[in-house]
Amino acid sequence: MKETNIPAELFQPAEQDLDKLEAIVRPSMSYWADAWRRLKQNRAALVGLVIISLLVVMAIIGPYLNEWSYSDQVLSEANQPPSSKYWFGTDALGRDLFTRVWHGARISLLIGFVTSITSITIGTIYGSISGFFGGKVDEIMMRIVEIFYGIPFLLYVILLMLVMEPGLKTIIIALGAVYWLSTARIVRGQVLKLKEEEFVLAARTLGASTSRIILRHLIPNTMGPIIVMMTLTIPEAIFSEAFLSFLGLGVSVPKASWGYLANDGIKAIRSYPWQLFFPAFFISLTMLAFNLLGDGLRDALDPRMRK
Amino acid sequence: MSYLLRKLSSSLLALLVIITITFILMHVIPGGPFDSEKKLPEPILKNLNARYHLDDPLWVQYVDYLKNLARGDLGPSFKYETRTVNDIIREGFPVSATLGAIVILIALFVGLFLGVIAALNQNKWQDYGAILLATMGVSVPSFIVAGLVMYIFAVKLRWFPPALWEGPKSMVLPVISLAGLPTAVIARLMRSSMLEVLNQDYIKTAKAKGLATKVIIYRHALRNAILPVITYLGPAIAGIFTGSFVVENIFAIPGLGKWFVQSITNRDYSVILGVTVFYSALLIFMNMLVDIAYAIVDPRIKLSDMKE
Amino acid sequence: MFRRGKLLTVIALVLVVAFALAGCGAPQDGGSEGDGAQAGDEAVKQRIVYNVGSEPETIDPGKATGQPDLTVINAAMEGLTRYNLDGELEPAMAEDWEVSEDGTVYKFYIREDAKWSNGDPVTAYDFEYAWKRVLDPEFAADYAYELYYIKNAAAYNDPEDKSVTSPDQVGVKALDEKTLEVTLEAPVPQFLGLTAFPTFFPVHKETVEANPDWHAKPETYVSNGPFKIVEWQHDQKFVLKKNENYWDAESVKLDELVMTLVTKESTELAMFETGEIDIGDNPPTEELDRLKADPNSGLKIKGDLAVYYYLFNTTQKPFDDVRVRKALAMAIDREAIVKNITKAGQIPAFAFAPYGLPDADPSKDFREVGGNDYFEENVEKARQLLAEAGYPNGEGFPEFEILTNDTEGHIKIAQAIQEMWKQNLGIENVKVRSQEWGPYLKARQELDYQVARAGWGADYLDPMTFLDLFITDGGNNNTGWGSERYDELIKKANSTADREERFRIMHEMEDILMNDMPVMPIYFYTNPYLMKDYVKNVGVPSFGPSMEFKWAYVEK
């Protein structure tokens with residue numbers, strides 16, 4: 001065996017740079033920056049995001065792309081199939097469906113977004129407080145949720161709609177008043193489970209305040225289910241509005257949401273299929289996009305999935 | 001047992017509040033059960049109101065209702081004069097519940113399967129396929145699905161009858177129209193929570209111990225991942241079992257679902273209250289089952305913790 | 001640690017509960033119905049399936065008001081008279097009758113062979129009992145007012161009117177088993193026709209006295225008509241079989257009549273096209289063009305005794321000005337509405353009472369005699385009128401709403417009219433407010449609207465059923481309009497026994513109404529329905545029941 005000769009003088013203490021010692025190799029990233037980085041890697045989610053952006057853009061400019069407004073009627077040209085004159089055809093009153101579909105997009109998307117964001121926010125805060133504190137607080141808070149929950153959804157919404165003046169605002173209020181309940185329950189369930197996990201115990205031991213534990217630890221950790229809820233609440237809100245339109249409780253004519261248009265179209269499915277196809281297609285596309293995005297967000301926002 | 005007793009008594013209180021809210025709301029909305037396009041002469045309206053005690057002060061009607069309810073009597077329908085609300089529920093609920101049970105079963109099997117497959121193959125084609133399939137379930141409103149399947153399978157292909165409740169064949173189209181949504185929800189919930197569970201330390205520990213993947217999935221992951229699904233299942237069953245207005249309306253199914261809308265349109269006060277009470281009671285019951293199920297499945301949660 | 005068992009327990013628990021709840025809900029296999037198409041060399045099955053629509057609210061003839069209710073009852077029961085397939089009144093339970101000189105006393109002779117489905121004879125006492133039952137305030141029948149022509153009936157029915165409290169004072173009396181005497185308040189020519197209406201049907205006295213809920217189940221439903229009810233599945237169907245005890249059983253060729261209870265129009269059409277039903281009377285408007293284009297579609301269209309119109313709230317500016325009302329009425333294109341929206345061959349209306357009502361000379365039509373031309377569509381003139389009223393080119397016209405109930409068809413028409421007023425008159429601020437039934441009616445009745453949609457169908461075969469709506473402050477007037485002269489004329493028409501005079505008065509009434517125009521007629525309804533060609537002799541009445549099956553049969 002060959003002896004390697006290393007002179008002892010070669011061994012010198014390394015220079016101790018206190019600054020460098022404390023540095024972290026990986027650049028520090030905020031929670032959201034990290035989420036965005038990972039979202040970008042998820043191709044399906046990006047597709048969803050692009051579709052949603054396109055739909056929103058079309059909702060804004062679509063109604064102005066041809067000479068008709070959403071309410072202009074040419075009765076003699078009712079029920080025309082798609083053509084170079086009417087890109088999506090016309091409806092039973094001879095109104096241009098292209099304009100109506102994009103005008104409907106505004107209403108449906110608005111209902112979807114506003115209802116979903118308000119209800120999820122309320123539900124999340126409510127649910128995490130309830131789940132975290134447990135005991136008496138939880139008991140009372142969940143009792144209230146349960147009471148609201150116990151009223152059949154549809155009956156409740158219809159009653160609310162009838163009590164208030166029909167219209168867009170009422171729809172959003174009525175739907176929002178119902179949807180936050182399920183979020184609250186799910187978040188509470190998650191928090192109940194999470195709060196017994198070690199990292200919460202650790203945070204508490206380190207003296208973290210309650211609000212900090214809820215906001216920094218519990219809510220981010222329940223983001224997965226919340227996002228899933230959110231992606232399901234948007235279509236649900238859009239659907240529920242469609243159903244209300246079907247009962248005559250939707251937005252007031254001649255305005256029309258996608259649900260209203262689709263409901264109009266399904267009746268004419270055999271004679272004028274395009275009247276169903278376009279609104280139904282865009283509803284489905286929207287749902288698909290939200291779901292793809294939702295899944296991507298879910299992976300991106302879950303702190304335990306950080307690599 | 002004391003949990004159940006406590007739960008029961010507080011549920012009664014909840015029911016009372018629900019009845020009160022509904023009672024107030026339904027009397028706030030304009031109109032009454034005897035509105036018709038051809039307006040009835042005053043004396044006839046008076047006779048009708050007297051017959052159904054609608055001329056009593058509201059609080060008397062309220063107290064009377066509660067008294068009758070305590071005896072299990074939900075009162076007569078104001079619109080369908082020989083039918084009582086008890087009859088309506090007794091006849092409609094089994095129909096809706098049968099349909100609902102089939103729907104839930106299918107949704108559970110298909111949804112769990114898709115969710116697990118997707119989670120185990122995260123970001124592979126199985127994942128995308130399963131999620132795409134599940135997404136289609138939430139992408140199309142049920143009235144469109146119902147209209148389409150009726151057109152395709154009943155009118156064009158003549159495989160199934162278009163409507164009425166006459167034997168297993170007539171259940172197929174309504175089940176298809178209803179199953180999409182819960183299947184999708186279950187698949188997505190399952191995928192989401194399964195992914196979460198698979199990342200937990202005890203799964204890693206199990207892997208490190210060299211346990212077979214199958215064992216890990218079935219013994220450890222599934223059981224914990226199913227919690228959100230169970231949470232969802234409670235209210236979902238209550239909702240689906242009490243019927244869907246759209247599907248019952250389109251396929252002419254004599255279920256309970258249509259009453260939740262029709263009773264309001266008719267201002268059939270006793271039916272509005274009756275279906276509300278029934279639904280609420282069912283929901284409370286299902287949620288109690290969920291709590292119990294939670295305690296059984298998740299050892300970290302004990303029933304005694306659930307002070308509600 | 002291994003708790004797989006528990007997981008399974010939970011799932012099992014959920015499912016067990018699920019199925020326990022579902023319980024007995026599995027449908028009985030109704031496969032026996034089959035298609036009835038495999039008949040082949042067998043004789044054609046004399047069975048018709050008709051979709052009558054929604055579930056009847058009641059099948060007690062005294063209480064029935066809805067069309068499905070009336071249709072089921074009309075098949076199972078019979079009054080003193082019955083309308084035949086040509087729309088003529090025929091003797092039914094009564095084989096003959098006499099009317100006094102002044103037209104106020106009727107004597108009906110019940111036929112000897114008139115029997116109930118349980119074999120008992122139908123007597124005059126059954127009629128007397130039935131009619132008094134309807135008038136009993138405690139019975140609280142909606143259509144009790146149909147009987148108000150009978151002496152003291154209105155006073156007896158009104159609990160606050162203490163002048164008559166005993167049923168004995170009401171002008172209906174069984175003189176013996178087979179003779180019924182009816183005394184009216186005034187000579188009302190439409191009275192005879194009313195006796196064919198279910199509110200005037202008899203009930204089996206013993207059954208009804210013994211069991212107030214006799215009409216809740218087919219088993220206890222004693223009837224006297226061409227069919228008897230053998231099955232009633234709520235929200236599904238009625239099954240009726242030929243009533244062998246019916247006096248005219250010979251004329252009844254159908255063995256079985258099924259009435260399904262499907263409300264959704266597109267579903268009804270699907271059932272018709274797949275052969276599940278033979279008749280349906282609500283073809284969806286969206287499909288009418290397609291059905292009309294196909295000669296084998298089974299679509300048929302018949303005139304109807306009903307008018308579709310808009311109400312003006314004449315107590316509100318600017319609708320208190322007759323020029324405004326006329327301008328609005330003249331500025332819409334009715335032809336475009338019936339051609340493009342309603343599509344079932346409805347007739348543009350320029351008068352109030354529809355076609356199909358006999359005039360003084362019964363061979364002539366009230367509408368044709370009066371003319372369907374009280375006003376014309378003329379945009380120029382309309383603009384001129386509007387300018388005279390102070391709104392040239394619609395400038396300064398206050399914002400207003402068209403109120404309609406929330407049925408899609410009504411909303412479409414309202415939108416079309418909204419657009420026409422905008423384009424033709426320059427009135428920009430029109431909104432359409434669709435409301436659910438209850439609030440809509442309430443707004444109408446409390447005059448809490450500006451312009452509102454309305455419709456009216458005949459209760460009996462006489463123009464008065466349309467014209468007396470507009471009596472000052474009448475419950476169905478809903479316009480705030482009133483005219484002393486008009487009220488006087490109603491009274492006069494209802495008290496004269498002279499037919500010529502009566503019709504002269506009614507024409508004058510319509511003149512007044514159309515001259516003041518508190519309402520704007522839009523179109524006269526038609527009745528589109530679907531019927532297979534092998535179905536024969538089904539009557540399609542213009543009022544009361546929707547279909548008449550007594551003489552129906554199948555010929556394949």
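Structure first, text after, so check above.
Residues numbered from 1 in each chain as written. Chains lettered and ligands numbered in written order. Predicted model: local features only at pLDDT ≥ 70, side-chain atom pairs only at ≥ 80, totals over all residues. Heavy atoms only, no water.

(A) Spotlight on the overall build of chain A. For chain A, the helix and strand inventory stands at eleven helices and zero strands. Listing every helix and strand of chain A by position from the N terminus yields α-α-α-α-α-α-α-α-α-α-α. In chain A, the proportion of contacts linking residues at least 24 apart, taken out of those at least 6 apart, comes to 70%. Carbon and sulfur atoms make up 65% of the accessible area of chain A, which amounts to about 13,800 Å² in all. (Helix = DSSP H or I, 4+ residues; strand = E, 2+ residues; numbered from the N terminus. Contact = heavy atoms within 4.5 Å. Areas by Shrake-Rupley, 256 points an atom, 1.4 Å probe, with all protein chains shown as cover.)

(B) A look at the sheet that holds strand β6 (residues 172–176) of chain C. Residues and elements named next belong to chain C. One open sheet accounts for four strands, arranged β4-β5-β7-β6; its pairing is antiparallel. On the outer flanks of this sheet lie β4 (94–99) and β6, each paired with one strand and no other. When strand polarity is set aside, the average angle formed by the axes of neighbouring strands in this sheet is 20°. As paired strands, β4 and strand β5 (residues 105–110) are joined by five bridges and run antiparallel to one another. Within β5, the residue paired with alanine 94 across the bridge is isoleucine 110. (Pairing = 2+ DSSP bridges. Axes fitted to C-alpha atoms, helices over the stretch in contact; angles between N-to-C directions.)

(C) View of the nonpolar core. Counting residues in each nonpolar core, the largest one holds 326 residues, and the members touching the most others are Trp131(C), Tyr310(C), Trp421(C) and Phe549(C). Not counting chain neighbours up to four residues away, the residues in contact with Tyr310(C) comprise Ile402(C), Ile413(C), Ala414(C), Ile417(C), Trp421(C), Val451(C), Ala452(C), Arg453(C), Pro518(C), Val519(C), Met520(C) and Ile522(C). (Core = buried A, V, L, I, M, F, W, Y, C linked by side-chain atoms within 4.5 Å. Buried < 20%, exposed > 50% of the residue type's maximum accessible area, 1.4 Å probe, protein only.)

(D) Broad picture of unusual backbone geometry. Residues and elements named next belong to chain C. Going from lysine 317 to proline 318, the amide bond is cis rather than trans, its omega being -5°. By secondary structure assignment, the location of proline 318 is in the loop between β12 (299–312) and α9 (322–330). Positioned with a positive phi, methionine 517 is a non-glycine residue whose angle comes to about 50°. Looking at where methionine 517 falls in the secondary structure, it is placed in the loop between α17 (499–516) and β17 (519–531). Take methionine 517: its relative accessible area is 1%, and that puts it in the buried class.

(E) Summary view of the interface of chain B and chain C. If you look at the interface, chain B gives 68 residues, while chain C gives 78 residues. The interface formed by chain B and chain C holds six salt bridges in total. Here Lys237(C) and Glu166(B) are joined by a salt bridge, their closest N and O atoms 2.9 Å apart. If you look at where chain B meets chain C, you find 14 residue pairs in polar contact (both at pLDDT 80 or more). Counting residues per element, the ones that place at least two in the side of chain B that touches chain C are α2 (42–51), α4 (85–120), α6 (142–156), α9 (213–225), α10 (227–241), α11 (245–250), α12 (259–266) and α13 (269–297) of chain B. (Salt bridge = Lys/Arg side-chain N within 4 Å of Asp/Glu carboxyl O. Polar contact = N/O pair within 3.5 Å; in protein donor to acceptor, adjacent residues only side chain to side chain.)

(F) Broad picture of the interface of chain A and chain C. With 23 residues of chain A in contact, the opposing surface of chain C contributes 24 residues. Put simply, chain A and chain C have two salt bridges between them. Residues Arg270(A) and Glu273(C) are paired through a salt bridge, measuring 2.3 Å at the closest nitrogen-oxygen approach. Our count for the contact surface shared by chain A and chain C stands at eight residue pairs in polar contact (both at pLDDT 80 or more). A per-element tally of the side of chain A that touches chain C places helix α10 (residues 258–267) of chain A first, with three residues. Grouping the constituent residues of the side of chain A that touches chain C by class yields eleven nonpolar, seven polar and five charged. (Nonpolar A, V, L, I, M, F, W, Y, C, P; charged D, E, K, R; others polar.)

(G) Representation of the pattern of salt bridges within the structure. The final tally for this structure, using the stated rule, is 41 salt bridges over all chains. With its nearest N and O atoms 3.7 Å apart, the salt bridge here joins Arg485(C) to Glu488(C). One end of the pair, Arg485(C), and the other, Glu488(C), are both in helix α16 (residues 484–495), three residues apart, so they sit about a helical turn from each other. One network of salt bridges, with partners in common, ties together Arg83(B), Glu91(B), Lys258(B), Glu55(C) and Asp235(C).

(H) Structural detail: the side chain of Thr233(A). When you line up the elements, Thr233(A) lands in helix α9 (residues 210–246). Setting aside anything within four residues of it in sequence, one finds Thr233(A) in contact with Ser116(A), Ser119(A), Ile120(A) and Tyr179(A).

(I) How the structure looks around the side chain of Thr170(A). Residue and element names in this part refer to chain A. By secondary structure assignment, the location of threonine 170 is in helix α7 (residues 168–194). By relative accessible area, threonine 170 is classed as buried at 8%. Residue contacts for threonine 170: discarding those within four places in its chain leaves Leu160, Met161, Met164 and Glu165.

(J) Just a nonpolar patch on the surface, in detail. Among the surface-exposed residues, Val56(A), Val57(A), Ile60(A), Ile61(A), Leu65(A) and Trp87(A) lie close enough to one another that they form a single nonpolar patch of about 490 Å² accessible area. Take Ile60(A): it is sitting in helix α3 (residues 43–61). (Patch = residues over 30% accessible without salt bridge, like charges linked within 9 Å, V, L, I, M, F, W, Y side chains within 5 Å.)

(K) Looking closely at the environment of Gly150(A). Tracing the chain through its elements places Gly150(A) in helix α5 (residues 135–150). Relative accessible area serves as the criterion here: at 0%, Gly150(A) is assigned to the buried category. In contact with Gly150(A), not counting residues within four places along its chain, are Ile18(B), Thr276(B), Tyr279(B), Ser280(B) and Leu283(B).

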